Amino acid sequence: MKTSDFGYDLPLELIAQSPTERRDESRLLIVNGVGDVDDSHFYNLPNYLRPGDTLVLNNTKVMPARLIGAKEGMQKPVEVLLLKRINTTDWQCLVNPGRRLRPGCHIEFIKDELSAEILDYSDDGSRIVHFNFTGVWEEILDRAGTMPLPPYIHKKLEDQNRYQTVYAKENGSAAAPTAGLHFTKELLKKLADMDILPVYLTLHVGLGTFRPVKVENVEEHHMHTEYYVMPADTAKIINERRAKGGRVIAVGTTSCRVLETVASEDGHIEAQHGNTSIFIYPGFKFKIVDAMITNFHLPESTLMMLVSALAGKEEIFSAYDHAIKEKYRFYSFGDAMLIHRKGIGAFRVEEKK
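Residues numbered from 1 in each chain as written. Predicted model: local features only at pLDDT ≥ 70, side-chain atom pairs only at ≥ 80, totals over all residues. Heavy atoms only, no water.

1. Some words on the packing of helix 5 (residues 302-311) against helix 6 (residues 313-325)
Thinking step 1. Between helix 5 and helix 6, the least distance of the axes is 6 Å, while the angle of their chain directions is 115°. Side by side, helix 5 and helix 6 meet where Met-304, Val-307, Ser-308 and Ala-311 of the first sit next to Lys-313, Glu-315, Ile-316, Phe-317 and Tyr-320 of the second.
Thinking step 2. A per-class count over the contact of helix 5 with helix 6 returns six nonpolar, one polar and two charged. (Axes fitted to C-alpha atoms, helices over the stretch in contact; angles between N-to-C directions. Helix = DSSP H or I, 4+ residues; strand = E, 2+ residues; numbered from the N terminus. Contact = heavy atoms within 4.5 Å. Nonpolar A, V, L, I, M, F, W, Y, C, P; charged D, E, K, R; others polar.)

2. Digging into the pairing of strand 12 (residues 197-203)
Thinking step 1. Strand 12 sits mainly inside the fold: five of its seven residues count as buried.
Thinking step 2. Inspection of the sheet shows strand 3 (residues 54-58) paired to strand 12 by five bridges, in the parallel sense. Its bridge partner lying in strand 12, Asn-58 is registered against Leu-201.
Thinking step 3. As paired strands, strand 12 and strand 13 (residues 226-230) are joined by two bridges and run antiparallel to one another. When the sheet's bridge partners are listed, Leu-203 is paired in strand 13 with Tyr-228. (Buried < 20%, exposed > 50% of the residue type's maximum accessible area, 1.4 Å probe, protein only. Pairing = 2+ DSSP bridges.)

3. Here we look at the sheet that holds strand 2 (residues 36-41)
Thinking step 1. In space, the nine strands of this open sheet follow the order 2-1-17-16-14-3-12-13-15, with mixed pairing throughout. For this open sheet the edge positions go to strand 2 and strand 15 (272-276), each flanked by a neighbour on one side alone. Strand-to-strand twist of the sheet, defined as the mean angle between neighbouring strand axes without regard to direction, takes the value 25°.
Thinking step 2. Summarising the sheet, strand 13 and strand 15 pair through five bridges and their orientation is antiparallel. Within strand 15, the residue paired with Tyr-228 across the bridge is Gly-274.
Thinking step 3. In the packing of helix 3 (residues 232-243) onto the sheet, the strands contacted are strand 3, strand 12, strand 13 and strand 14 (248-251), and the crossing angle to strand 12 comes to about 135°.

4. Remarks on the domain arrangement of the protein
Thinking step 1. When cut into domains, the protein gives domain 1 (3-62 + 158-340) and domain 2 (66-146).
Thinking step 2. A straight line from the C-alpha centre of domain 1 to that of domain 2 covers 31 Å.
Thinking step 3. Domain 1 puts six residues into the contact, and the matching count from domain 2 is six residues.
Thinking step 4. Each partner contributes to the roughly 560 Å² buried at the junction of domain 1 and domain 2, and carbon and sulfur atoms together form 48% of this total. (Domains from an automatic or database assignment. Buried area = accessible area lost by both parts, 1.4 Å probe.)

5. Things to note about the nonpolar core
Thinking step 1. Counting 64 residues, the largest nonpolar core has Tyr-8, Leu-259, Ile-316, Phe-330, Met-337 and Ile-339 as its most contacted members.
Thinking step 2. In terms of residue count, the dominant contributor to this core is helix 5 (seven residues).
Thinking step 3. For Phe-330, the contacting residues outside a window of four places in its chain are Tyr-8, Leu-10, Leu-14, Ile-15, Ala-16, Phe-296, Tyr-320, Ala-323 and Ile-324.
Thinking step 4. Leu-67, Val-78, Leu-82 and Leu-101 belong to the second largest nonpolar core, which has 24 residues in total. (Core = buried A, V, L, I, M, F, W, Y, C linked by side-chain atoms within 4.5 Å.)

6. Here's the deal with the pairing of strand 2
Thinking step 1. One ladder, built from six bridges, connects strand 1 (residues 27-33) with strand 2; its direction is antiparallel. When the bridges of strand 2 are listed, Leu-29 appears paired with Asp-39.
Thinking step 2. With antiparallel pairing between neighbouring strands as the criterion, strand 1 and strand 2 make up a hairpin whose turn holds two residues, including Gly-35 at a positive phi of roughly 70°.

This is how it looks when you write it as structure tokens:
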């Protein structure tokens, strides 16, 4: 299986540079099969689901993880991007310019309040960085850091909360679980009132999710690790509702990866936490996820491979062709799809007028 098998051409003007005015006004593409799609909007999502379904959402919160500082002897500012916390003072980070920021380098962000020293290289080329700070780390980070928007977004985000889900709670991500950005509190309540129950887990998103696959053969790709938490109450609800025939619908690839990490062969899950490096690509045997709400992903990415594994590669690429033709908005601030696992019933409910 070749990485190039998951590529496609996207007109640059379809890369969304800002979110829709209202979160749930984004478009929603219902994918039932090759050439079998419905064009809808996200606020119509309840019309395509049924009582007993369980929506599994990732409640991670994006950190203001981008820090701009100064290195002695350098005129240009340097950038440090927080990826993963190691302990109370040390983080795995991306740095720029990488050639000039080697172990032993000192960086100042806020005089007498926040500075850093680069300790070592990580196996993937990132850095281990030790931070010196005075005060409460989270408060300092809120002042010194900015939201780490993806590099394909060039427009300034006026409202930083639009890169957070409305249910974001657990601080720790370097990027947003973007499939959840479409939900409003009102929509979540409407779903719950219909017995389409939202439940929550946590996976702290690292930038490894978005790094390109550099190997020719998909099977040789080394997947990054990310920290997750499957709470006891979430596991209990999913098990009970699934036993009654309810569908498990992952909101985003992050929720999908946690669910398939923790599920036993028969689909039962238990409360747990840890690190996952699960890599889902065509041929993967899903144990628990029946369907997924997801945004449109970058070509040749592990996320394209994941959705192709769930719904079928031909089905996904047919849907992408349709989305491009109909000028859907792509990537983090773009539109969404509702897809189902092959063999699971299609989403045939008619929209209510």
